[in-house]
Amino acid sequence: MLQIQSLTMDLKKAITKLKKEKNAVILAHYYQYPEIQDVADYVGDSLGLSQRAAETDADIIVFAGVHFMAETAKILNPEKKVVLPDLKAGCSLADSCPPDEFEKFIKMHPGHTVITYVNCSAEIKALTDIVCTSSNALKIVNSIPKDQPIIFAPDKNLGKYINNKTGRKMVLWDGSCVVHEAFSLEKLLQLYRKHPNALIIAHPESEAHILKTATYIGSTAGMIDFVKQNPKETFIVATEAGILHQMKKQVPEAELIPAPTEEDNTCACSECAYMKVNTLQKLHDCLLNESPEVNVATAIREKALVPIERMLNLSKGL
Ligand code: 13P
Ligand code: SF4
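Described below are features of the structure shown in this document.

**Remarks on the packing of helix α3 (residues 46-55) against helix α4 (residues 67-76)**
For the pair α3 and α4, the least separation of the axes is 9 Å and the interaxial angle reads 30°. It follows that α3 is roughly parallel to α4 by the angle criterion. Viewed along their axes, α3 and α4 form a crossing whose handedness is right-handed. Contacts between α3 and α4 involve S46, L49, S50, A53 and A54 from the first element and M69, T72, A73 and L76 from the second. Counted by class, the contact of α3 with α4 contains 6 nonpolar, 3 polar and no charged residues.

See the structure below:
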C-alpha cells in the first residue's frame, strides 16, 4: 500500500515536471481515475473540455478522456500535438454510429438538420450541422426553428429526453451508452426505499425509466453543480462512478450513493471500461514520449470544425 502511494507520488511529480518542460496542458474528464483528475490542469464535462481545448496556448494537449474528446481537441487545434494515454479509450456510443450507415440514414431523411451529440467520431461530425453536449443539447435544439425537422444522433436516450422536454419529434439514431443503460430500475427503487430522503440525480444518457425517478437531470458538470447547491443532502448518483471523486472533493458534507447496475451484487458502482483504460502511468508515458498521438485527416477536420464551432458559439456563457 505504502509502495503504491509512493509510486503515485513519484509519477505525479514527474508529470508536473514534464508538463512545465514541454508546455503541456492536461485536460481530464470527470470519469477518469482520481489520481489522474488530481494531476490535471482542468477537470470537466465534454463542453468544458472542448472550451478549454479551444482556448489553450499549450503546445501539447494531453487528453485524459476518450478518443472522441481528444479528436475534438485536435480538430480545434490542428497545429498542436494531442496525445491520449491509450488509443483503446473509445466509447460505446461513438461506436454505435458507423459513418457509412449514418450517411445513408441522412439521405433517407432529406431536408433534416443534423444535430449530433459530441460522443461520435470526427467522420460523423463531418456529416453534421451542429454538435451538442449534454450541457447544451436543449439550447442547441431550441436554436432550430420549431418547424424544421431534425435528425439527432447517436444517443437515443438523450434524444428521447430532448423530444420529451421540447415537444419535438426529432428522428433518432438507435445508439446508446453501455454504462448508462446498465442501471437497474428495480435495484434503484430498492435503494431509494432504504434512503427515502435521497435525491436521485441522473445523466441524460440513462434510459427514460431511470430519468423518470430523477430530481435533477444534467451533464456531469451540471450534476456536480446541483450537489454543490444542496450540500447537506443525500444523493443517489446515476452516472459513471468516477464523478464521485470530484463530488466528494467539492462537497465533502454531501452523502453520495452510486446508483446500482443490473450486474452489481457486491458493489453498487458503474464504471466506463473505456475511460478506465487510462492510468497515471500511461498518462506519464504519453507525455514523456509525446505518443500515442491523435490525428484527424485534413478533409474530415475542416468539415468537422464547422459544427463544433457552431456549438461553441451557441454555448458562450455556459
Ligand atoms: P458529459 O459531457 O456530461 O461529461 O458526458 C460525457 C459522457 O461521455 C457521458 O457518458
Ligand atoms: Fe462513452 Fe458511455 Fe463511456 Fe461516456 S460512459 S465515454 S458515453 S461509453
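**A closer look at unusual backbone geometry**
For residues that are not glycine, phi is negative in most cases, and the peptide bond is trans in most cases. Looking along the chain, the bond that leaves A153 and enters P154 is cis, with omega of -10°. With respect to the element layout, P154 can be found in the loop between β7 (150-153) and α9 (156-166). Residue S291 is joined to P292 through a cis peptide bond whose omega torsion reads 0°. Relative to the helices and strands, P292 is located in the loop between α14 (280-289) and α15 (298-314). Notably, N23 is not glycine yet its phi reads approximately 50°, a positive angle. For N23, the location among the structural elements is in the loop between α1 (2-22) and β1 (24-29). Despite not being glycine, E290 has its phi angle at roughly 55°, a positive value. Relative to the helices and strands, E290 is located in the loop between α14 and α15.

Calculation rules
- Residues numbered from 1 in each chain as written.
- Chains lettered and ligands numbered in written order.
- Predicted model: local features only at pLDDT ≥ 70, side-chain atom pairs only at ≥ 80, totals over all residues.
- Heavy atoms only, no water.
- Axes fitted to C-alpha atoms, helices over the stretch in contact; angles between N-to-C directions.
- Helix = DSSP H or I, 4+ residues; strand = E, 2+ residues; numbered from the N terminus.
- Parallel < 35°, antiparallel > 145°, perpendicular 65-115°, else oblique.
- Left-handed = near helix turned anticlockwise from the far one by under 90°.
- Contact = heavy atoms within 4.5 Å.
- Nonpolar A, V, L, I, M, F, W, Y, C, P; charged D, E, K, R; others polar.

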